[in-house]
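# Survey of secondary and tertiary structure
Residues per chain, in single letters:
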Amino acid sequence: MTWDVFVSHAFEDKEFARALADALSKYGLRVWFDEFELHVGDSLRRSIDKGLSKSRFGVVVLSPKFFAKEWTQKELDALTARETKDKKIILPVWHNISHKEIRRYSPMLADRFAIDSSVGIDKAVESLLSAIKFNRSRSRRTKTDESEQIVAELQKARSLLTRKETELNVVLAQAHELAHTDTLTVLPNRRQTIGDLEHEVMFSERYETPFSICMLDVDNFNQINDTYGHIVGDGVLRSLADLLRQHIRHPHTIGRCGGEEFLLVLPNTTLKTASELADHLCQQVRSTPIFSGRNTFQLTISVGVAQYKIHEEEWQKLLDRADKALYQAKNNGRDQWAII
């Protein structure tokens, strides 16, 4: 059970305290008063502690007798402690005591709003009711303000978390791109391209769909580096990568495997179609000028073509066959494609 008001008083002030408790009860408040709540066999200390802990307001009848009693002083100390801890509110009622005496006994209570019993029981009760109503209203406003503040802080924290999550995703995406992109040509790098190759081999193995690759190398590229320098050579590779990218259609992909070597990954592609693409790329590179700085180059490429043998080999074997076909094209005179 809980109470609205706990009435604390000295034994000598019981008549006045009882009148307060009766009047407050008539206004519908649940009042803890010793004569109302203590029964034969009850523990006095336990009952008072329960009343102290379960009451929202503490009405304290302050008088010279109150401050002279050790027992009532303990009740006041308990109320004061709970006022801070549990947000209880102490409402002092001065009874046959002056402000000067109150200050001598308890400076803290002397500075509070208080009700003087000399105004009469009705006025005292009216003032108590007003104080209780005011503090209840303020408490509700405080709780509402606290709730609104908590909601605002949660929204702010959620917004901050969303922003940080977005920033983190951007950073992770950039890191992933850097880890899988060749910085010179902006094509997929060897790690990404080999990963695509492994994936397509597993897909082909499972669904028995055709899958081919082309290993492509720039003919005599070292002569460009030796004659014009690596800066010009890098420009040649960038321009060539742009040209090759223009002639590769989804779902086909092209990546740089290192140096002047490129790998085309061609899912759902037969050896015949892959050979046609290799021939087309040879023609395009042969007929398109490649620019690097103020220099213009006519390049040629050699291409090794291989189709995956389903259920017969691993991806490493497929890559090795394409590499051997590339060197066969080189040995056959360059500027062509070959199959093994």
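## Things to note about the sheet that holds strand β6 (residues 211–218)
Sheet architecture is open: 5 strands sit in the order β7-β8-β6-β11-β12, paired in mixed fashion. The strands lining the two open edges of the sheet, one partner per strand, are β7 (253–258) and β12 (337–339). Going across the sheet, the axis of each strand differs from the next one's by a mean of 25°, ignoring polarity. Note that β7 and strand β8 (residues 261–267) share 5 bridges and pair antiparallel. Counterpart to Thr-253 in the pairing with β8 is Val-265. Each of β6, β8, β11 (301–307) and β12 is contacted by helix α12 (residues 271–287), which is oriented at about 170° to β11, the strand it contacts most.

## Describing the packing of helix α9 (residues 190–207) against helix α13 (residues 315–331)
Between α9 and α13, the least distance of the axes is 10 Å, while the angle of their chain directions is 115°. Between α9 and α13 the crossing geometry is right-handed. Across the interface between the two elements, Arg-190, Ile-194, Leu-197, Glu-198 and Val-201 of α9 pack against Trp-315, Leu-318 and Leu-319 of α13. The residue inventory of the contact of α9 with α13, partitioned by class, reads 6 nonpolar, no polar and 2 charged.

## Quick word on the sheet that holds strand β4 (residues 89–94)
Taking strand neighbours across the sheet as the criterion, the 5 strands line up as β2-β1-β3-β4-β5 in an open arrangement whose pairing is parallel. Looking at strand neighbours, the two that pair on one side only are β2 (31–32) and β5 (115–116), the edges of this open sheet. The pairing of strand β3 (residues 55–62) with β4 spans 6 bridges and is classified as parallel. By the bridge assignment, Leu-62 is partnered in β4 with Trp-94. Packing against the sheet, helix α1 (residues 14–26) makes contact with β1 (3–8), β2, β3 and β4, and its axis sits at approximately 150° to β3.

## Side note on the pattern of salt bridges
Summed over the entire model, instances satisfying the criterion amount to 12 salt bridges. With its nearest N and O atoms 3.4 Å apart, the salt bridge here joins Asp-320 to Lys-324. In this pair, Asp-320 and Lys-324 are both assigned in helix α13, 4 residues apart and thus about one turn of the helix distant. Residue Asp-320 is classed as partly exposed on the basis of its relative accessible area, which comes to 31%. The exposure class of Lys-324 is partly exposed, given its relative accessible area of 45%. Through salt bridges that share partners, Asp-217, Asp-219 and Lys-330 make up one connected network.

## Digging into the nonpolar core
Ranked by size, the top nonpolar core spans 31 residues in total, and within it Phe-262 and Leu-264 carry the most contacts. Those elements that place two or more of their residues in this core are β6, α10 (221–228), α11 (230–246), β8, α12 and β11. The element contributing the most residues to this core is α11, with 7 residues. Residues contacting Phe-262, with those up to four places away along its chain left out, are Leu-187, Cys-214, Met-215, Leu-216, Val-218, Leu-237, Leu-240, Leu-244, Ile-254, Gly-255, Arg-256 and Cys-257. Counting residues in hydrophobic clusters, the runner-up holds 23 residues, among them Phe-16, Val-31, Phe-57 and Leu-128.

## Examining α10
For α10, the set of buried residues is Phe-221, Ile-224 and Asn-225. Down the axis of α10, the sector holding all buried residues measures 95°, keeping them to one side. In this structure, α10 carries Gln-223, Asp-226 and Thr-227 as exposed residues pointing more than 90 degrees from its buried face. Close packing links the buried residues of α10 with β6, α11 and β10 (295–297). Where α10 terminates, the next one or two residues include Gly-229, which has phi positive at roughly 100°.

Criteria and thresholds
- Residues numbered from 1 in each chain as written.
- Predicted model: local features only at pLDDT ≥ 70, side-chain atom pairs only at ≥ 80, totals over all residues.
- Heavy atoms only, no water.
- Pairing = 2+ DSSP bridges.
- Helix = DSSP H or I, 4+ residues; strand = E, 2+ residues; numbered from the N terminus.
- Axes fitted to C-alpha atoms, helices over the stretch in contact; angles between N-to-C directions.
- Contact = heavy atoms within 4.5 Å.
- Left-handed = near helix turned anticlockwise from the far one by under 90°.
- Nonpolar A, V, L, I, M, F, W, Y, C, P; charged D, E, K, R; others polar.
- Salt bridge = Lys/Arg side-chain N within 4 Å of Asp/Glu carboxyl O.
- Buried < 20%, exposed > 50% of the residue type's maximum accessible area, 1.4 Å probe, protein only.
- Core = buried A, V, L, I, M, F, W, Y, C linked by side-chain atoms within 4.5 Å.
- Arc of directions from axis to C-beta.

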